[in-house]
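For reference, the chains in residue letters:
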Amino acid sequence: MRNDNEKILIFTSREICYNSHFFFARQMGAAFEKLGYEVEYCEFTRESDFDAVLQPHLGKSYKLMLDFNSLMPQLAEEDGTPVLDLIDGPFYDYILDHPLFHYNCLSAKARNFHAILLDEAQENYVKRYYSGVKSTLFMPLGATEAITKEKRSQVPDSILFIGSYDSEEKLYDMIELAQEPVKTLSKKVLERRLNEPSVTMEDVFHEVLKEQGMELDDARFALFMNHMYPVDAYVRNYFRKKAIDCLVKYRIPVKIVGEGWSKYKSTDENLVKREVPVEFGLSFEKIAKEHILLNNSPFFNHGAHDRIFAGMANHCAVLSDENPYLSTKLKNRDNIMLYSMKDEKSLKDMAEELLINHAFCKEIQENAYQEFLKNHTWECRVRQLLKVIER
């Protein structure tokens, strides 16, 4: 192996919505460079000539390799040798959603394969069900300050939500198309998760299996979870719609930026302003123009969606569904506002307070920005990862 072991190699191998993978890769790379490391990038898609793209890196040694929702662990030579085994250094896959979506990747056999998760419970899930993953790290994404920082209104006049939407009908049709017993199990898991959004999907699945008198070994449990991906998607979209519905119900204006919201029918369209989706890097410009940012992410109920830190980085008061991680790491009514998904009045009351009490809203914004600078920049994340590697 040729020794370049103070270099960082960052892949972008899979397209992710709004081209966020390119953005995350460049932000991480810039943070590594700021700390004095040389960074190489390797960008490709499923249609690329893998041999041509990867050849310059084979036989080299790196301090670490990194990708987001990666294809790399699945790539292999004709004799079955994982491509990652031909490059020396630890490889970290930054998994941006529930690991149930990444069954094939996490089941890969690369020797020096590690996973970064955005949720503490999801980290435990990978530890239990994917023994081939050498180590795991819980580490939410960082965030970026907007560049242009367009002037915003003097006082807040609406709640901003950035994210995509898909109709529950479409996702339920996907559940109906599943084979048995996955279809029946999926429906039972879905019903329980809608009633108890704070409980993880894997815990609900364990409960359902027990009630049905079924047992699955760890390998089959992970496979069944992978087949139930429409359940997770349904829960995500159901609670996003429910949060917007709640705000509109109480006559609170909402601004929505993202794919799919043309399918959403509000009870009062005068209170809903839709804007076309933008590349991920431009989303920070959108956030910086607003005062209040809504987060709703029951799929990270022991972690944090990057939307939270994006709001904090851009002087927004973030209004988020509560979970044990957020309640521990952030301060409710100090640098974030945490509402209960089981009590829509808590969302309504907090939204109204931020819109009406301008001094309080500004205090939340400034405290959030200071918290971001101290603990949630990309440089913070890179330092955390380097500490793990150096241990």
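So, here's what we can say about the structure. Nothing here was measured: the structure is a model prediction, and the numbers come from that model. (Residues numbered from 1 in each chain as written. Predicted model: local features only at pLDDT ≥ 70, side-chain atom pairs only at ≥ 80, totals over all residues. Heavy atoms only, no water.)

## Quick notes on the overall build of the protein chain
- A count of helices and strands for the protein chain gives 15 helices and 14 strands.
- Taken over C-alpha atoms, the radius of gyration comes to 21 Å for the protein chain, in line with the 21 Å a tight globule of 391 residues would show.
- Looking at the 391 residues of the protein chain, the share that counts as buried comes to 56%.
- In the protein chain, once contacts between residues fewer than 6 apart in sequence are set aside, the share between residues at least 24 apart is 67%.
- In the structure as shown, the protein chain presents an accessible area of about 17200 Å², 47% of it carried by carbon and sulfur atoms.
- Treating the 50 positive side-chain charges of the protein chain as one cloud and the 62 negative ones as another, the clouds have centres 4 Å apart. (Helix = DSSP H or I, 4+ residues; strand = E, 2+ residues; numbered from the N terminus. Rg over C-alpha atoms; globule rule 2.2 N^0.38 Å. Buried < 20%, exposed > 50% of the residue type's maximum accessible area, 1.4 Å probe, protein only. Contact = heavy atoms within 4.5 Å. Areas by Shrake-Rupley, 256 points an atom, 1.4 Å probe, with all protein chains shown as cover. Lys, Arg positive; Asp, Glu negative; His and termini not counted. Charge placed at Lys NZ, Arg CZ, Asp CG, Glu CD.)

## Here we look at the sheet that holds strand 7 (residues 113-117)
- The strand order across the open sheet formed by six strands is 3-2-5-6-7-8, and the pairing between neighbours is parallel. Sheet topology places strand 3 (38-43) and strand 8 (135-138) at the edges, where each strand pairs with a single neighbour. Within the sheet, the average angular offset between the axes of one strand and its neighbour, ignoring direction, is 20°.
- Across five bridges, strand 6 (residues 91-95) lies against strand 7 in parallel orientation. What sits directly across from Tyr94, in strand 7, is Ile116.
- Here helix 1 (residues 20-34) sits on the sheet in contact with strand 2 (7-12), strand 3, strand 5 (64-68) and strand 6, set at roughly 165° to strand 3.
- Along the sheet face, helix 15 (residues 378-390) touches strand 5, strand 6, strand 7 and strand 8 and points at about 150° away from the line of strand 8. (Pairing = 2+ DSSP bridges. Axes fitted to C-alpha atoms, helices over the stretch in contact; angles between N-to-C directions.)

## Side note on the nonpolar core
- Judged by nonpolar contacts, the single largest core of 78 residues is most densely connected at Phe11, Met72, Phe205, Met228, Ile244 and Leu294.
- A per-element tally of this core places helix 9 (residues 229-249) first, with ten residues.
- Excluding residues that lie within four positions of it along the chain, Leu294 makes contacts with Ile159, Leu160, Phe161, Ala243, Ile244, Leu247, Arg307, Leu319, Tyr339 and Leu347.
- If you look at the next biggest cluster of nonpolar residues, it comprises 56 residues, including Leu137, Ala143, Phe300 and Ile308. (Core = buried A, V, L, I, M, F, W, Y, C linked by side-chain atoms within 4.5 Å.)

## Here we look at the side chain of Ser283
- Of note, Ser283 is situated in helix 10 (residues 280-288).
- Looking at Ser283, the relative accessible area reads 8%, which means it is buried.
- Among the polar contacts listed, one links the side chain of Ser283 to the backbone oxygen of Phe280, at a separation of 2.6 Å.
- Setting aside residues up to four positions removed in sequence, Ser283 forms contacts with Ile162 and Val278. (Polar contact = N/O pair within 3.5 Å; in protein donor to acceptor, adjacent residues only side chain to side chain.)

## Here we look at the pattern of salt bridges
- Considering all chains together, one arrives at 29 salt bridges under this definition.
- Its salt-bridge partner being Lys7, residue Glu38 comes within 3.6 Å of it at the nearest N-O pair. Here Glu38, found in strand 3, pairs with Lys7, found in strand 2; they are 31 residues apart in sequence, far enough to count as distant.
- Judged by relative accessible area, Lys7 falls into the buried class, the value being 15%.
- Where salt bridges share partners, they join Lys7, Glu38, Glu40 and Lys60 into one cluster. (Salt bridge = Lys/Arg side-chain N within 4 Å of Asp/Glu carboxyl O.)

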